[in-house]
Structures are given as structure tokens and as C-alpha cells.
Amino acid sequence: MKILSAAQIRLADQYTIAHEPISSLALMERAATQCTQWLTARLRPHTPVWVFAGTGNNGGDGLAIARQLHGQGYATAVFVLGAAKYSADCAANLTQYEALGLSINYLHHISDFPPIPPNVLVVDALFGSGLNRPCDGLAAALIEHLNASRANIVAIDLPSGLFCEDNSQNIDENIIAAGHTLSLHLPKLALLLPDYQHKIGQMHVLPIGLNEDFIKNQHTDYQFITLADCAAMYRPRQQFGHKGTYGHALVVAGSRGKMGAAVLATRASLRAGAGLVSVLTAECGYTILQTTAPEAMTLLNEGENYLQGKIPELTAYQAIGVGCGIGTETETAMFLGEILGNYQRPMVIDADALNVLATRPDWHGLIPAQSILTPHPKEFSRWAGRWDNDTHKLQLLNDLSKKLQCHIVLKGAYTAIAHPNGQVTFNSTGNAGMATGGSGDTLTGILTALLAQGYTPETASILGVWLHGFAGDCAAAHYGQEALIASDLAEFLGEGFKALGKEKQQNSLL
Ligand SMILES: NC(=O)C1=CN([C@@H]2O[C@H](COP(=O)(O)OP(=O)(O)OC[C@H]3O[C@@H](n4cnc5c(N)ncnc54)[C@H](OP(=O)(O)O)[C@@H]3O)[C@@H](O)[C@H]2O)[C@@H](O)CC1
Ligand SMILES: [K+]
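Residues numbered from 1 in each chain as written. Chains lettered and ligands numbered in written order. Predicted model: local features only at pLDDT ≥ 70, side-chain atom pairs only at ≥ 80, totals over all residues. Heavy atoms only, no water.

Re the overall build of the chain
The helix and strand inventory of the chain stands at 18 helices and 17 strands. For 510 residues, the compact-globule formula gives about 24 Å, and the C-alpha radius of gyration of the chain, at 26 Å, lands near that figure. C-alpha extents for the chain along the principal axes are approximately 85 × 55 × 40 Å. Taking all 510 residues of the chain together, 56% fall into the buried category. Long-range contacts, defined as pairs at least 24 residues apart, comprise 73% of the intrachain contacts of the chain with a sequence gap of at least 6. Accessible surface computed for the chain: about 21,400 Å², of which carbon and sulfur atoms make up 52%. Charge centroids of the chain, computed over 32 positive and 43 negative side chains, lie 4 Å from each other. (Helix = DSSP H or I, 4+ residues; strand = E, 2+ residues; numbered from the N terminus. Rg over C-alpha atoms; globule rule 2.2 N^0.38 Å. Buried < 20%, exposed > 50% of the residue type's maximum accessible area, 1.4 Å probe, protein only. Contact = heavy atoms within 4.5 Å. Areas by Shrake-Rupley, 256 points an atom, 1.4 Å probe, with all protein chains shown as cover. Lys, Arg positive; Asp, Glu negative; His and termini not counted. Charge placed at Lys NZ, Arg CZ, Asp CG, Glu CD.)

Topic: the nonpolar core
Of all hydrophobic cores here, the largest spans 56 residues; its most connected members are Val-252, Ile-320, Ile-349, Trp-383 and Phe-426. Looking at this core, you find at least three residues from each of domain 1 (6–219) and domain 2 (230–507). In this structure, Ile-320 is in contact with Leu-250, Val-252, Leu-314, Ile-339, Tyr-343, Met-347, Val-348 and Thr-448, ignoring residues within four places of it in sequence. With 53 residues, the next largest nonpolar core counts Ala-231, Tyr-234, Val-263 and Ile-417 among its residues. (Core = buried A, V, L, I, M, F, W, Y, C linked by side-chain atoms within 4.5 Å. Domains from an automatic or database assignment.)

Focus: the site of ligand 1
Asp-61, Gly-128, Asn-132, Arg-133 and Asp-157 are the nearest of the 22 residues found near ligand 1. Contact between ligand 1 and Asn-57: an oxygen atom at 2.9 Å from a main-chain N or O atom of the residue. About the coverage of ligand 1: the protein hides 79% of its 930 Å² of free accessible area. If you list the elements that add at least two residues to the shell around ligand 1, you get α1 (6–19), α2 (24–40) and α3 (57–71). It is α3 that provides the largest number of residues to the shell around ligand 1, a total of 3 residues. (Near = heavy atom within 4 Å. Polar contact = N/O pair within 3.5 Å; in protein donor to acceptor, adjacent residues only side chain to side chain.)

Notes on the pattern of salt bridges
Taken as a whole, this structure holds 12 salt bridges when the rule is applied. We note a salt bridge from Lys-393 to Asp-390, for which the minimum N-O separation is 3.2 Å. Residue Lys-393 and its partner Asp-390 are both found in helix α14 (residues 390–404); the two are separated by 3 residues, about one turn of the helix. The buried category is assigned to Lys-393, whose relative accessible area is 10%. It is possible to trace a salt-bridge network through shared partners that takes in Arg-267, Arg-271 and Glu-491. (Salt bridge = Lys/Arg side-chain N within 4 Å of Asp/Glu carboxyl O.)

Concerning the coordination of the potassium ion (ligand 2)
Taken together, the protein ligands of the potassium ion (ligand 2) are Asn-58 (OD1), Asp-124 (O), Phe-127 (O), Ile-156 (O), Leu-158 (O) and Ser-160 (OG), with distances of 2.6 to 3.0 Å. Residue classification places Asn-58 among the buried positions, given a relative accessible area of 8%. (Donors = N, O, S within 2.8 Å, 3.2 Å for Na, K, Ca; no water.)

Quick notes on the sheet that holds strand β1 (residues 49–53)
Pairing within the open sheet is parallel, and its 7 strands lie in the order β3-β2-β1-β4-β5-β6-β7. Whereas interior strands pair on both sides, the edge strands pair on one side only; in this sheet they are β3 (105–107) and β7 (202–206). Looking at each pair of strands side by side, their axes are set apart by 20° on average, direction ignored. Examined bridge by bridge, strand β6 (residues 180–184) and β7 share 5 bridges and lie parallel to one another. Across the sheet, the residue bridging to Ser-183 is Val-205, located in β7. (Pairing = 2+ DSSP bridges. Axes fitted to C-alpha atoms, helices over the stretch in contact; angles between N-to-C directions.)

Structural notes on the sheet that holds strand β8 (residues 222–225)
For sheets, the rule is that strands pair by backbone hydrogen bonds, running either parallel or antiparallel. With mixed pairing, the 10 strands of this open sheet are ordered in space as β8-β17-β16-β15-β14-β13-β12-β9-β10-β11. Unpaired on one side and paired on the other, β8 and β11 (297–299) mark the two borders of the sheet. Pairing between strand β14 (residues 372–373) and strand β15 (residues 407–410): 2 bridges, direction parallel. Within β15, the residue paired with Leu-373 across the bridge is Ile-408.

Here we look at the packing of aromatic side chains
Evaluation of the coordinates by the stated rule reveals 10 aromatic pairs. With a centroid separation of 5.3 Å and an interplanar angle of 45°, the aromatic rings of Trp-50 and Phe-79 are classed as tilted. In this pair, Trp-50 sits in strand β1 while Phe-79 sits in strand β2 (residues 76–81), placing the two residues 29 residues apart along the sequence. Comparing Trp-50 with Phe-79, the two get one shared label, buried. (Phe/Tyr/Trp six-rings, centres within 6.5 Å; stacked < 30°, edge-to-face > 60°.)

Thoughts on the domain arrangement of the chain
For the chain, the domain assignment lists domain 1 (6–219) and domain 2 (230–507). Just the C-alpha atoms count here: the centres of domain 1 and domain 2 sit 40 Å apart. On the side of domain 2, 9 residues touch domain 1, which itself brings 12 residues to the contact. Roughly 870 Å² is buried in total at the junction of domain 1 and domain 2, and carbon and sulfur atoms are behind 61% of that figure. It is Leu-192, Leu-193 and Asp-195 in domain 1 that bury the most area against domain 2; as a group they hold 48% of the surface buried on that side. Along the contact surface separating domain 1 from domain 2 lie 0 salt bridges. When grouped by side-chain class, the residues that make up the side of domain 1 that touches domain 2 number 6 nonpolar, 4 polar and 2 charged. (Buried area = accessible area lost by both parts, 1.4 Å probe. Nonpolar A, V, L, I, M, F, W, Y, C, P; charged D, E, K, R; others polar.)

Okay, structure coming up:
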């Protein structure tokens with residue numbers, strides 16, 4: 001799914017109106033209907049709904065929602081920013097609301113703001129994608145007033161005051177803090193970045209029937225990856241496939257006290273479909289690996305507690321995943337350098353391998369092009385330095401990806417994957433339960449297995465991150481987010497592959 005800019009969304013709106021064809025007022029009604037349906041599926045029957053509407057089409061959406069909710073028996077109240085001029089569709093909705101004999105409260109001064117009881121649901125329809133400057137004056141005061149209430153806030157399209165893309169110059173207090181944001185048709189870039197998560201709450205993308213052909217032809221550097229996107233990339237097992245068909249993955253992981261990382265990565269590689277998995281670990285991990293991952297072959301290393309010394313022959317492996325729990329001892333760093341110097345295919349580089357490499361820029365040239373690096377923000381900062389805000393961070397991510405010619409998976413909510421061609425993919429799966437030790441080791445195992453199976457590094461990075469999050473969502477549904485532990489992720493990977501298979505089959509029915 002594409003992530004378009006505010007300007008492109010406006011064009012998609014216009015194109016849909018002209019080519020469907022549909023009147024702009026009917027398109028607004030369609031958008032409002034989607035929001036109303038989302039709300040009524042969750043609202044308690046007696047919850048009053050107070051809609052705060054602005055002067056443009058976001059306000060028009062809010063007014064149409066209020067009218068529709070009133071029609072379904074909900075107690076609604078409408079408050080509109082007083083202005084000399086309203087957009088045509090907003091004005092039409094003001095008229096329609098009043099035509100039902102309902103009154104509209106116009107807000108001209110702070111003294112007009114109503115006290116907000118905690119039991120009401122506030123619908124924020126002040127500003128959407130048409131915001132053209134940071135909020136100030138009466139609008140900013142109203143936003144602060146709403147934020148200070150204890151009411152639940154549902155934002156239509158965007159939390160009012162938040163720009164679609166760049167918020168680096170925005171003022172935090174003057175942005176609505178919503179519990180839920182209903183993004184119309186497509187997600188917006190700002191909704192996927194951590195800086196403003198306290199303003200967005202949970203994001204939900206509601207389809208409103210914008211013209212898909214037009215969207216398909218728009219250029220954007222940002223994608224939001226969905227089940228349908230991943231199903232198109234997924235290659236089901238072949239009937240006549242054998243273990244050689246699906247590649248041999250090598251997991252280089254573990255040291256004394258961190259052998260769990262090797263176990264998690266290895267088990268994830270096995271569950272993610274590699275034909276064969278070998279694990280190269282320190283001597284002290286031999287029995288552990290043979291016991292916990294009997295399907296994998298364990299290679300011996302001369303290091304008792306951590307990897308060191310001579311590296312094995314690497315040509316047999318279609319992919320290598322290196323770094324989970326290896327530590328940063330000098331001998332291990334040298335061992336890592338040997339691996340990098342002797343392996344030319346794209347590999348997966350994680351955790352301690354990233355930490356070692358962050359301190360050795362002279363080795364960056366050894367990283368095979370198209371490799372996948374999987375830092376969490378702290379690891380990324382060791383490579384890229386500090387960032388001022390998320391816009392700056394995205395820039396640094398792109399710069400590093402281009403410089404190394406590697407795919408960089410910046411882990412977090414809506415994990416961002418920067419590709420060397422300048423594209424950034426945001427993931428749609430996963431949950432806060434996955435913020436637990438070992439979750440990253442599992443991802444490394446998955447990515448290594450996908451590379452071994454012959455997926456391109458770009459596809460492997462996207463599919464692997466999606467599968468990891470999907471498994472996390474299944475595990476959270478089963479155990480609850482707090483109780484989720486990293487070993488659960490591998491156990492639920494099969495659900496992800498099944499979902500991909502089902503989606504793919506549905507799309508290819510004869
Ligand atoms: N995409 C789609 O397909 C569809 C989109 N739809 C909806 O349309 C929304 C976009 O509508 P929009 O373009 O009318 O802009 P919107 O966000 O209502 O605000 C613009 C108004 O606010 C004003 N203004 C701006 N900044 C300000 C500030 N800081 N402080 C004060 N005022 C400020 C600006 O006036 P100005 O003062 O600049 O003259 C203007 O009047 C979109 O988010 C979605 O909800 C659906 O209806 C149907 C399908
Ligand atoms: K809004």
C-alpha cells in the first residue's frame with residue numbers, strides 16, 4: 001500500500017471525483033460512512049458524541065458523521081470553529097445538519113468552549129490533510145482544551161494540528177492527542193513515526209474508494225506493507241521441492257551466557273522454511289544447540305566461551321545471519337571480520353555484529369552489498385549519530401542504506417526498512433508485546449532463512465519483517481502482550497505462512 005503526500009492525496013481526491021465519477025459531497029459522505037461504521041461498532045449506546053469541526057473538508061467529514069450518528073439514535077452535539085468562510089462541502093453539511101432541526105455551537109472565543117465531561121466521545125474533525133501552518137490562536141486553544149479533558153478522542157484522518165509528512169517545525173501542545181486515528185484510505189507518513197505516537201493512539205486505515213489506478217501511478221518513496229503485498233511476494237513450497245531447493249542457512253550466534261540468542265535465531269530459521277540450518281557457535285553452546293534445535297547442525301568453534309579463531313568453509317551456505325549474542329570480544333570481532341572478508345553473498349547482520357562494525361568504519365567496505373542490517377534505534381544511533389526528530393532520522397536511515405548499499409531494518413513500532421534504491425517500507429504487523437528480549441534474534445533467523453530460500457534481499461527484508469510481526473500478533477492474541485516471550489514467535493510463524501498462502505490462493509483462483 002502506498003503512502004502518499006498531502007498534495008498527492010488531494011489529487012487522488014480530485015481524480016476520483018472526476019473519473020468515477022462522484023460528487024465531492026458524495027465522496028465526503030462515503031468517507032463519513034466509513035468513520036460512522038467504525039464508531040458504531042465500538043460505541044456504547046448511551047455515549048454522547050461531541051464533534052468538533054473545522055472550516056474545511058475535515059470539518060465537513062465531522063458534520064456528516066454527526067448527522068449519521070444522530071440518524072442512528074446517538075446523542076450528538078456539534079461545535080464548529082467560527083469563521084467567515086467554510087469550504088463548499090463543509091457549508092453543505094452545516095446546512096444539512098441544521099435542516100434536521102439540530103443546533104450548531106459556533107466557537108468564536110475561548111469563553112465559548114464547553115466544559116468536556118469525561119464520558120463523552122470527542123470526534124476531532126478540526127483539521128486534516130489541508131493543514132497549511134502550525135495551529136495557533138483560537139484553534140490551538142481549543143486543541144489544548146480538548147487535550148486537557150479526560151474524554152476519549154477519535155481523530156478523523158489525522159490528529160488536528162499534525163502535518164501529513166514533516167512535523168519538524170510543529171508545536172507539540174497544539175496537536176490533538178487522540179486515542180484512535182481513522183486515516184482515510186491510506187496511511188500518512190507522520191502516522192507511522194514514533195515522535196507523534198502519543199498524538200495518534202492507534203491508527204486505523206479506512207478505505208473510502210479513492211481511484212486505485214491513479215494511486216498505482218503515483219510515485220512515492222514510502223510504502224506501508226500489507227498482507228496483500230506480502231502474498232504477492234510469497235512463493236509457496238513446490239510439490240517436487242526437496243531440502244536442497246530451500247537453501248542452507250548458517251546462523252553465527254551465541255557466547256557463554258547469551259546462548260539463548262543462538263537458540264532463538266536457529267529455531268526461527270528452521271520455522272521460516274530454510275531447507276537446512278547450521279549454527280556456528282562457541283564450544284559451550286554445542287550441547288545446548290543440539291538439544292534445543294535438533295533439526296539444525298551445530299558446527300564447532302575453537303572458542304570455549306565466545307567465537308574466535310579459524311572460520312569454516314562458507315561456500316555451502318546460501319545465506320549467513322551473524323551477530324545474535326556473539327559479544328564484542330576482540331577475538332570475536334576478528335572472527336566477524338574474517339567472515340565478512342570471505343563471504344560475498346548478502347547476509348543478515350544483527351546485534352553484536354552491528355556493535356562491532358559501528359566501531360570499525362574501515363570494515364564497512366567488507367559488508368556484502370544488499371545485505372540486511374537489523375538495528376534497533378540505539379544500535380542505529382551508534383552508526384548514524386543523534387537525530388533531531390523522525391524526519392531527520394529517516395534521512396540518516398536513507399543515507400546509510402545508500403552508502404552501504406544495504407537494506408536497513410530499523411526495528412520498532414511500524415518497523416522502517418530503508419532500501420538502497422531510496423524506498424522506505426513501513427511494516428503493518430507487530431505489537432508492543434514483541435518489545436522483549438530475543439525478539440530481534442528471531443527476526444535474524446527468519447531473514448536468514450528467507451535469503452537462503454532465494455528471496456531477493458529486498459523481498460526477504462519486507463516479508464521477514466512482516467512475518468515476524470504477524471507471528472507476534474498471533475502470539476499476543478494467544479498469550480497476551482505481557483506474557484509473550486520471544487520463543488513464542490517461532491512457534492507462530494506457521495500462521496503467517498498460512499495467511500500468505502490463503503491470500504495468494506484467493507487472488508489466483510481460476
Ligand atoms: N482525501 C480525500 O480523498 C478526502 C478527504 N476528505 C477530508 O478532507 C480533508 C482535507 O480537507 P481540506 O483540504 O479542506 O483541509 P482541512 O484539513 O479540512 O483544513 C483546511 C482548512 O483549515 C484552514 N487551516 C489550515 N491550517 C490551519 C491552521 N493552522 N489554523 C487555522 N486554520 C487552518 C484552511 O483555511 P485557511 O485559513 O488556510 O484559508 C482550510 O479552511 C481530509 O483530511 C479529509 O478529512 C473527505 O472529505 C473526502 C475524501
Ligand atoms: K482531524
